[in-house]
2 protein chains.
Amino acid sequence: MPRGRPRQFDLDRALDTALLLFWRHGYEGTSLKALTEAIGVNVPSLYSAFGNKEELFAKAVARNLQKPASYLPKALGEPTARRAVEKLFRGAINMTRNSRYPEGCLLVRGALVAGPSSEAICQELSRRRAGAEAAVRRRFERAIAEGDLPAKVDAAPLARYIVTVLWGLSVQAAGGATRAQLKEVVEWALRCWPESE
Amino acid sequence: MPRGRPRQFDLDRALDTALLLFWRHGYEGTSLKALTEAIGVNVPSLYSAFGNKEELFAKAVARNLQKPASYLPKALGEPTARRAVEKLFRGAINMTRNSRYPEGCLLVRGALVAGPSSEAICQELSRRRAGAEAAVRRRFERAIAEGDLPAKVDAAPLARYIVTVLWGLSVQAAGGATRAQLKEVVEWALRCWPESE
DNA sequence: ATTTTATTGTAGCACTCGCTAAACAAATGT
DNA sequence: ACATTTGTTTAGCGAGTGCTACAATAAAAT
């Protein structure tokens, strides 16, 4: 056991409920009062554990990518690019319309825009989205090298298209689109797939 | 001339600068102080002219649809559904990457999520997005009735797919995507067009 | 000239924001 | 027993939030 007084709340549980709040109301829409009340802890305890609101948000984003959004790396592990994208979309819909989570992706809901004081948050999320896009692009580059995708296909624009649909699905989900409706969108989105022509 | 002391600022100009601020920083990220300073007017004048912050936002949204986002009804007036969608995407990119405007669409940037006090704003924007989707759907229904689109095509899912890409483009633009990159996305998005099969 | 009507400027309301200093409490180390 | 370390509690800071009461001002109506 460590030296001083033991912490009276679970760090991971606290981070999970913080994640849910940020996910639902966004960075600016989530107040410290809401956070501390939901976690059941006082403000200084939260600060000594996670730093400040900005750091807490960053850690919540990291946790989001490890747990609820872990479908992305898993999907990209599929043997073919086509199946990877299918699983990617399926995973997105699964997370995006899940009773345990808010509708849509934290990377889109968290802070697409913000006041002058929270611009760093926007940029952080923007980088994360770009990271997801890059991961998809690398998977397509591999698929091209393996002959899985036609050599004439350019990986970067295709990846950008796929994640554009992905972010669009988040907006739709945030607006109340049902799982079936999102599936229909994915069906249309996949009709342009290179192999099918 | 009306009865009392004449207003010393232009209502439309004020609404335009309010629109730009809401557009850039979102509803929650735009403070009354920022609004009044940018417009060059005191708080009570703003309130007597527009009501409160929420009403001002609603009027800014309405103005946005009349001016910067007027490309939507114009695009849907094109003779064929295919050309309508092409013009829709082109108009969206034009607005979304325009030096005069923030990057992306107000309907997505304004308030995708919000704190408990601003949920009405989210719903308002959600309704507006649904309205845009419905307009596209009706255009497709007309196209099907005219034989412009194959009869087996279902208008609603196709419209939902198109606007999903549209909202996705807004997220991409907000993240710094260039005009050329967005055009590449649109190219991919249009490859699934029914006629092309 | 006076009254009426509407906007403007000043000041400040009650409240929330993110955040922190200081005292108290509970564990370990010597 | 005592000091040390660490977390919790209480209380409150300064700044900012949306909003409004009130008096001063500028026009039209009488």
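The structure this text deals with has already been given above.
So, a few notes on the structure that sits alongside this text. Bear in mind the structure is a predicted one, so any value in this text is a computation, not a measurement.

The rules behind the values
Residues numbered from 1 in each chain as written. Chains lettered and ligands numbered in written order. Predicted model: local features only at pLDDT ≥ 70, side-chain atom pairs only at ≥ 80, totals over all residues. Heavy atoms only, no water. Near = heavy atom within 4 Å. Polar contact = N/O pair within 3.5 Å; in protein donor to acceptor, adjacent residues only side chain to side chain. Helix = DSSP H or I, 4+ residues; strand = E, 2+ residues; numbered from the N terminus. Nonpolar A, V, L, I, M, F, W, Y, C, P; charged D, E, K, R; others polar. Contact = heavy atoms within 4.5 Å. Axes fitted to C-alpha atoms, helices over the stretch in contact; angles between N-to-C directions. Parallel < 35°, antiparallel > 145°, perpendicular 65-115°, else oblique. Left-handed = near helix turned anticlockwise from the far one by under 90°. Core = buried A, V, L, I, M, F, W, Y, C linked by side-chain atoms within 4.5 Å. Buried < 20%, exposed > 50% of the residue type's maximum accessible area, 1.4 Å probe, protein only. Phe/Tyr/Trp six-rings, centres within 6.5 Å; stacked < 30°, edge-to-face > 60°. Lys NZ or Arg CZ within 6 Å of the ring centre and 35° of its normal.

### Here we look at the protein's contact with DNA strand C
Lining the immediate environment of DNA strand C, one finds 25 residues, of which A:Tyr47, A:Lys53, B:Arg3, B:Gln8 and B:Asn42 sit closest. Put simply, 75% of the atoms of DNA strand C that lie within 4 Å of the protein are in sugar or phosphate. A:Thr30 is positioned with one of its backbone polar atoms (N or O) 3.4 Å from a phosphate oxygen of DNA strand C. For the surface near DNA strand C, the element with the highest residue contribution is helix α3 (residues 43–50) of chain A, accounting for three residues. Partitioning the surface near DNA strand C into residue classes produces 10 nonpolar, eight polar and seven charged.

### Observations regarding the environment of B:Ala132
Residues and elements named next belong to chain B. Mapped onto the elements, Ala132 comes out in helix α8 (residues 119–145). Once the C-alpha coordinates of Ala132 and Ala111 are considered, the two residues, 21 residues apart in sequence, prove to be 16 Å apart. Not counting chain neighbours up to four residues away, the residues in contact with Ala132 comprise Leu72 and Trp167.

### Quick look at the packing of helix α8 (residues 119–145) of chain A against helix α9 (residues 155–174) of chain A
Residue and element names in this part refer to chain A. Remark: α8 packs on α9, axes separated minimally by 8 Å, with the N-to-C direction vectors making an angle of 135 degrees. Taken as axis vectors, α8 and α9 run oblique relative to one another. Where α8 crosses over α9, the handedness of that crossing is right-handed. For the pair α8 and α9, contact is made by Arg129, Ala132, Glu133, Val136, Arg137, Phe140, Glu141 and Ile144 and by Ala155, Ala156, Leu158, Ala159, Arg160, Ile162, Val163 and Trp167, respectively.

### As for the nonpolar core
Formed by 142 residues in total, the largest nonpolar core has its most connected members in A:Phe140, A:Tyr161, B:Phe140 and B:Tyr161. Aside from chain neighbours lying at most four places away, what touches A:Tyr161 is A:Ala189, A:Cys192, B:Tyr161, B:Val185, B:Trp188 and B:Ala189.

### Looking at the packing of aromatic side chains
For the structure shown, the criterion picks out 10 aromatic pairs over all chains. On the numbers, 6.0 Å between centres and 20 degrees between planes, the contact of A:Phe22 with A:Tyr27 is stacked. Taken individually, A:Phe22 and A:Tyr27 each receive the classification buried, so the pair is uniform in this respect. Judged by centre distance (4.9 Å) and plane angle (85 degrees), the rings of B:Phe22 and B:Phe57 are edge-to-face. Residue B:Phe22 is located in helix α1 (residues 11–25), and its partner B:Phe57 is located in helix α4 (residues 53–66); the two are separated by 35 residues in the primary sequence. Exposure remark for B:Phe22: the relative accessible area of 0% places this residue in the buried category. Members of the aromatic cluster, each reached through a chain of ring pairs, are A:Phe22, A:Tyr27 and A:Phe57. A cation sits over an aromatic face here: A:Lys53 above A:Tyr27, 4.4 Å from the ring centre. In this structure, B:Arg191 packs its charged tip against the face of B:Trp188, placed 4.0 Å from the ring centre.

Functional significance is not addressed by these values, which are geometric in nature.
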